[in-house]
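This is what each chain is made of:
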Amino acid sequence: MAIAEQNLDGLTSVPQQAQSAGWALASLSLATLLSSLGTSIASVGLPSLMQNFGATFQSVQWVVLAYVLAITTLIVSAGRLADMFGRRPLLLGGIALFTSASVLCGLAPTLWLLIAARAVQGLGAALMMALTLAFVAETVTKDRIGSSMGLLGAMSAIGTTLGPSLGGLLIAGFGWRAIFLVNVPLGVLTFALAWQALPARGRAAQVNRGKFDAIGTALLALTLAAYALAMTLGRGNFGTLNIGLLIAAGIGVVLFAAAQARVKNPLIQLASFRDLQLSASLVMSLVVATVMMATLVVAPFYLSRGLGLDAAMVGVVLSTGPLVSTLSALVAGRLTDRFGAHRMMVTGLLSLATGTFLLSLAMTKLGIAGYVVPITVTCIGYALFQTSNNAAVMTGISAGQRGVVSGLLNLSRNLGLITGASLMGAIFAVASAEGREGSDLLSEAAARGMQVTFQTATVLALIALFLALLSARAEFRRQRPVEMSQDL
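Now for a look at the structure at hand. Treat the numbers as computed from the prediction; the structure is a model and nothing was measured.

Let us look at the overall build of the chain. In terms of helices and strands, the chain carries 19 helices and 0 strands. A total of 488 residues make up the chain; the buried ones form 52% of that total. Put simply, 82% of the contacts in the chain that link residues at least 6 apart link residues at least 24 apart. With an accessible surface of roughly 22000 Å², the chain has 67% of that area assigned to carbon and sulfur atoms.

Given below as structure tokens:
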């Protein structure tokens, strides 16, 4: 009788566990949506901010930069803190901080108070971004990791896609403050759901509290800030300040590595980079993000100048990429669960390289179809790679390192986006330098810039593909002895 009761308890607990994991995943999805929406929705409000505060573009661009810099510089530290003190309180704190900062942004009386509030909002976003991936590996079963990562990828794409259009509607109807205040009800809902659904204490929370590496954190933050500023200031035109910041970033890397080698509880275990799969995944994430940034930076100029589309049509065509990424991410998760992360990683990068090669042909004679078809292939490949790469990394590390590794994954992606915005924009500018007068010359110059930019992107995609093949080979060799021992 007792055995029967235990079996019944086990049977009833399975759907309860599945339901609990579902609600937890819903809260993590909303947190992902919030952080990506915070990035994209502010950009559309810059003209309104210039008008309302009587400021220059160089001043109001810090509304976007402050948010991005806060995420980039603090995301690894956020993950490390979560590994030390528990993910649930840190994630709840991040959601609360993001929501509170959104209120401050919406009520800010001056531009510089708005920028300061955006930096605080970025800190909250860093906590959310660093911990959502780590929580997925803890709340869902291993055979559902891919699908869950795909859902988070889809929510990130939705937030990025929704931001400009939602922001435009809110500004038109209620003014610029609404683009920040809209986060408040979403943040409250996310906090309530996370409070109810997320496990009370993560298994990794008491693995190793140790001592927080304040010196390493400061060095890493300053290094990343110097690099990010070098890549963003001057809007792609490198000057003395940019070069100086790059040199400072290089010195910062050396000092950070030296500091990590000396402390007992480093922010990042440098020995972990000896793992080929982790190092390759981080490099691939950076390279792929650099490639994808070309579609955001270069494509609008090609569509308007090369194909002669008006502003409204450019917006419609550009929405193809994010829409394909959103839909593909959901399918990519299922494919990753079924066929394995490494196979889907190679498949995704092969599709990405094919798409960028087709884009490099810049077939203006085919009109819109000459852009839509290649970008569809590119974005399908990106969704496959992003989902499978995240799944491969988060299932292959110890529970006590999930927070910091999740932060590293997000950091590599952010650095890739920052690098891509500057590098790909500069390549396009140089390649299309001619043709400033006359519509025909302008179209030819835009097509030439498109060709050179995506030729570079194709080379980068092939480098990432090579790394994926090396990683897949290493994984195959690792699993083979295990399979042989099981057969015996």
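Now for empty space enclosed by the protein. Under the definition given, this model contains 1 cavity of 30 Å³ or more. In this structure, the largest cavity spans a volume of roughly 30 Å³. Taken together, I268, Q269, S272, L278, Q401, V404, V405 and L408 make up the full set of residues lining the largest cavity. Looking at the lining of the largest cavity element by element, the count peaks at 3 residues for helix 18 (residues 402-431). Its residues placed into classes, the lining of the largest cavity shows 5 nonpolar, 3 polar and no charged.

Turning our attention to the side chain of N242. Tracing the sequence through the fold places N242 in helix 11 (residues 240-262). Classification of N242 by relative accessible area gives buried; the value is 5%. Within polar-contact distance, the side chain of N242 engages the backbone oxygen of A230 at 2.9 Å.

Let's shift gears to the nonpolar core. Among the nonpolar cores identified, the biggest contains 50 residues, and I75, V76, L91, I268 and M394 are the most heavily contacted of them. Ranked by residues supplied to this core, first place goes to helix 6 (residues 111-139) with 11 residues. Apart from the residues within four sequence positions on either side, I75 is in contact with A126, M129, A130, G407, N410 and L411.

With that settled, consider the packing of helix 12 (residues 276-297) against helix 18. Running from N to C, helix 12 and helix 18 cross one another at 35°; their axes reach a closest spacing of 7 Å. In this structure, the crossing between helix 12 and helix 18 has a hand that is right-handed. Of the residues that constitute the contact of helix 12 with helix 18, the class distribution is 16 nonpolar, 7 polar and 1 charged.

Its 20 residues place the ends of helix 15 (residues 320-339) 27 Å apart at the C-alpha level, agreeing with the 28 Å of an ideal helix rising 1.5 Å per residue. The complete set of buried residues in helix 15 reads T320, G321, V324, S325, T326, S328, A329, A332, G333 and T336. G340 occupies a position one or two residues after helix 15 and carries a positive phi of about 100°.

This next bit is on helix 9 (residues 183-197). Under the 1.5 Å per step criterion, the end-to-end length of helix 9 is 21 Å for 15 residues, consistent within 8% with the ideal 21 Å. Among the residues of helix 9, those classed as buried are N183, V184, G187, T190, L193, A194 and A197.

For T419, the location among the structural elements is in helix 18. Judged by its relative accessible area of 13%, T419 falls in the buried class. At a separation of 2.7 Å, a polar atom in the side chain of T419 contacts the main-chain carbonyl oxygen of L415. Beyond its immediate sequence surroundings of up to four residues, T419 is in contact with Y227, M231, T290 and M424.

Moving on, we come to a nonpolar patch on the surface. On the surface, a nonpolar cluster with roughly 380 Å² of combined accessible area is contributed by I243, I247, I251 and L255. With respect to the element layout, L255 can be found in helix 11.

Here the focus is the packing of aromatic side chains. Applying the stated criterion across every chain yields a total of 4 aromatic pairs. Ring centres of W176 and F180 lie 6.2 Å apart, and the angle between their planes is 80°; this geometry places the pair in the edge-to-face category. You can call F180 buried: its relative accessible area is 1%. Taken together, the ring pairs in this structure connect F53, W176 and F180 into an aromatic cluster. Above the face of the W195 ring, R88 is positioned so that its terminal group lies 5.0 Å from the ring centre.

Attention now goes to the packing of helix 5 (residues 87-107) against helix 9. One way to put it is that helix 5 packs onto helix 9 with a least axis distance of 9 Å and a crossing angle of 165°. Between helix 5 and helix 9, the angle is such that the two are roughly antiparallel. Along this stretch, helix 5 crosses helix 9, giving a crossing that reads as left-handed. Residue-level inspection shows R88, L92, I95, A96, F98, T99, S102 and V103 of helix 5 in contact with helix 9, the latter providing N183, V184, G187, V188, T190, F191, A194 and W195. Classifying every residue of the contact of helix 5 with helix 9 by side-chain character gives 10 nonpolar, 5 polar and 1 charged.

The rules we used
- Residues numbered from 1 in each chain as written.
- Predicted model: local features only at pLDDT ≥ 70, side-chain atom pairs only at ≥ 80, totals over all residues.
- Heavy atoms only, no water.
- Helix = DSSP H or I, 4+ residues; strand = E, 2+ residues; numbered from the N terminus.
- Buried < 20%, exposed > 50% of the residue type's maximum accessible area, 1.4 Å probe, protein only.
- Contact = heavy atoms within 4.5 Å.
- Areas by Shrake-Rupley, 256 points an atom, 1.4 Å probe, with all protein chains shown as cover.
- 1 Å grid on protein atoms, 1.4 Å probe; cavity = no way out; pocket = protein on both sides within 12 Å on 5 of 7 lines; lining within 4 Å.
- Points joined across faces, edges and corners; volume = space filled by probe spheres on them.
- Nonpolar A, V, L, I, M, F, W, Y, C, P; charged D, E, K, R; others polar.
- Polar contact = N/O pair within 3.5 Å; in protein donor to acceptor, adjacent residues only side chain to side chain.
- Core = buried A, V, L, I, M, F, W, Y, C linked by side-chain atoms within 4.5 Å.
- Axes fitted to C-alpha atoms, helices over the stretch in contact; angles between N-to-C directions.
- Left-handed = near helix turned anticlockwise from the far one by under 90°.
- Expected span 1.5 Å × (residues − 1).
- Patch = residues over 30% accessible without salt bridge, like charges linked within 9 Å, V, L, I, M, F, W, Y side chains within 5 Å.
- Salt bridge = Lys/Arg side-chain N within 4 Å of Asp/Glu carboxyl O.
- Phe/Tyr/Trp six-rings, centres within 6.5 Å; stacked < 30°, edge-to-face > 60°.
- Lys NZ or Arg CZ within 6 Å of the ring centre and 35° of its normal.
- Parallel < 35°, antiparallel > 145°, perpendicular 65-115°, else oblique.

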